[in-house]
Amino acid sequence: NVLIITPEILSSYQIENIIRKKTGLSIAPINSKLSDGEYYDYYKEIKKGNYPVVVTTPVGALLPYNNIGAIIMINTDSDNYYNDQSPRYNLKKVMIDYASLLGSQVILTSFAPNITDYSYGLKNYYQIIESIERKELPVVHVVDLKQELRNGNNSPISQKLLIEILKAKKANKVSILIVNNKSYSSYVMCRSCGKTITCPRCNISLQYNKKNNLLICPACSYRVAFTNECPTCSSKELKFGGFGMEQINEELNTNYPSIRTAILNESNYDDYYQIMLGLEEETIDVIITTSVLANKIDSDRIGMVGIINLDSVAKIPTYDANERAYEMLTYAKECLNSSEDSLVIQAYSLDEIYLKTFLLNDYHAFIKEELSVRKILKNEPFYYINRIFIKAKYDLMYKEANEVKKYLQSMLGKEVYVIGPTYNHQHQMVQIIVKHRINDIGEIYKKIYEKYQTTTVTIIIDRYPKYI
């Protein structure tokens, strides 16, 4: 039997349909849309080994499978395979261990392989199987957003992007615009006092959702009604900064009413079906969506893809931001079917290595450059990166964190680099970052947990943090 794991529901539906059409095999589709009764019925049949193929999201990855010959994980660079709530784990690593227990092989697939996985392949821990013939790049246009501002264009839609949208529409083709902020703007800033409105729990900027008139935290989903007033100085002189889906949609509808738009911002089949129906019936000219959902839209009618602001991914404060930007570019390219289609990349920084190597269609050059930087900075794959949270009364948190830090350094000496402690506003705990090269560090973490976990102090070991 074969177990196929996809990062989200839309991918599971697509994979299920492809396999059913090509093989006619009986398939068990497991995802969070199933009712409890449906889930239980599938559970019983899977336990008996009655399905040759199971297609699931992470929700069904650890059911009691029998006779599994292969476990296939689709798009393994997806963040959806990392669980950052207790119990914290990386599903990819779990499935590799699970496969060894089942005596089956694991196949990890990706358009732009995770750099750590690829480096394991270079070291022969994994076997690399890659396409010899790389997909030809479409016609690529790179737009300098700084120059757009100098030219007096404050719109998120550059002149070149507008020309390509209209060109695609004239050719009866559809454009996809990629923007990863689902709201109207990334932040709201007061022009009087200069402060941004932030989440009281996470201390990060709240995004403005114009449709529901809400300020929403992208990290913890805290939300509050927008009153058009600065909470610090009560001024009504507010500025909406950063581009979001709602703003892009409003811009097109207001200034170019002949362009018919649709938004895909959730991974659910009903919204996806309406988009695909609109493509088939030719009632959509522009689809506004995220980079994750863009490559789920599989249609010959897609003629142009525009990335509204590449820096929104490339400049996030995490060590693998360049990798995420390269992946975004790769998935945008994969949405297009012909070398005559066009890709418009808007960015403020045009000299970055991830963009240069992408334009040369040279993933290996990007890997080489990125690995050289990560080696110097002691990041993955050269060092494991873990995080330890310490929660206690505020006046004790730093004291306890420093005790944990000293204990780690006394146990491991020069084999470990410990950064912090610092306060993590999102989790409302103090954290220390641990960089090391020790495969069996789990025993050390177990001792730390047993030594410092008390009724007044909480220790959380995060072996696979999403963002560092």
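So, here's what we can say about the structure.

## Some thoughts on the nonpolar core
Item 1. One finds I176, V305, L310 and Y354 to be the most contacted residues of the largest nonpolar core, which totals 40 residues.
Item 2. The element best represented in this core is helix α11 (residues 321–334), accounting for 5 residues.
Item 3. Other than its neighbours up to four places away in sequence, I176 contacts I287, T289, A294, I297, I302, M304, V305, G306 and C335.
Item 4. Grouped together as the second largest cluster of nonpolar side chains are 22 residues, A401, V416, V418 and I432 included.

## Topic: the sheet that holds strand β22 (residues 458–462)
The strands making up a sheet associate through backbone hydrogen bonding, with each pair oriented either parallel or antiparallel.
Item 1. Spatially, 4 strands are ordered β20-β21-β19-β22 in an open sheet, and the strand pairing comes out antiparallel. Here the strands that pair on one side only, and so sit at the sheet edges, are β20 (416–424) and β22. Neighbour-to-neighbour, the strand axes of the sheet open up by a mean angle of 20°, direction not taken into account.
Item 2. Note that β20 and strand β21 (residues 429–436) share 7 bridges and pair antiparallel. Following the sheet pairing, V418 is matched in β21 by V434.

## Observations concerning the environment of K399
Item 1. Looking at the element boundaries, K399 is found in helix α14 (residues 394–412).
Item 2. Note on K399: relative accessible area 48%, which makes it partly exposed.
Item 3. Sequence-wise, K399 and P421 are 22 residues apart; in three dimensions their C-alpha atoms are separated by 9.4 Å.

## Observations concerning the environment of L238
Item 1. As for its placement among the helices and strands, L238 is situated in strand β14 (residues 238–241).
Item 2. Residue L238 is classed as buried on the basis of its relative accessible area, which comes to 12%.
Item 3. Filtering out sequence-adjacent residues up to four positions away, L238 remains in contact with V188, M189, C190, R191, F226, N228, E229 and C230.

## Things to note about the pairing of strand β16 (residues 286–289)
Item 1. Burial along β16 is two-sided: V286 and I288 facing one way and I287 and T289 facing the other are all buried.
Item 2. In this structure, strand β9 (residues 174–178) lies alongside β16, joined through 4 bridges in parallel fashion. Looking across to β16, one finds that I176 is bridged to I287.
Item 3. Handedness of the crossover joining strand β15 (residues 261–264) and β16 through helix α8 (residues 269–281) is recorded here as right-handed.

## With respect to the pattern of salt bridges
Item 1. Within the structure shown, the criterion is met by 19 salt bridges.
Item 2. Residue R374 is joined to E323 by a salt bridge in which the shortest nitrogen-to-oxygen separation is 2.7 Å. One end of the pair, R374, is in helix α13 (residues 363–377); the other, E323, is in helix α11, with 51 residues separating them in the sequence.
Item 3. The residue R387 makes a salt bridge to D462 at a minimum N-O spacing of 3.1 Å. Of the two residues, R387 sits in strand β19 (residues 384–391) while D462 sits in strand β22, which places them 75 residues apart along the sequence.
Item 4. On the accessibility criterion, D462 (2% relative accessible area) is buried.
Item 5. One network of salt bridges, with partners in common, ties together D79, D320 and R324.

What counts as what
Residues numbered from 1 in each chain as written. Predicted model: local features only at pLDDT ≥ 70, side-chain atom pairs only at ≥ 80, totals over all residues. Heavy atoms only, no water. Core = buried A, V, L, I, M, F, W, Y, C linked by side-chain atoms within 4.5 Å. Buried < 20%, exposed > 50% of the residue type's maximum accessible area, 1.4 Å probe, protein only. Helix = DSSP H or I, 4+ residues; strand = E, 2+ residues; numbered from the N terminus. Contact = heavy atoms within 4.5 Å. Pairing = 2+ DSSP bridges. Axes fitted to C-alpha atoms, helices over the stretch in contact; angles between N-to-C directions. Right-handed = clockwise from strand over helix to strand, strands pointing away. Salt bridge = Lys/Arg side-chain N within 4 Å of Asp/Glu carboxyl O.

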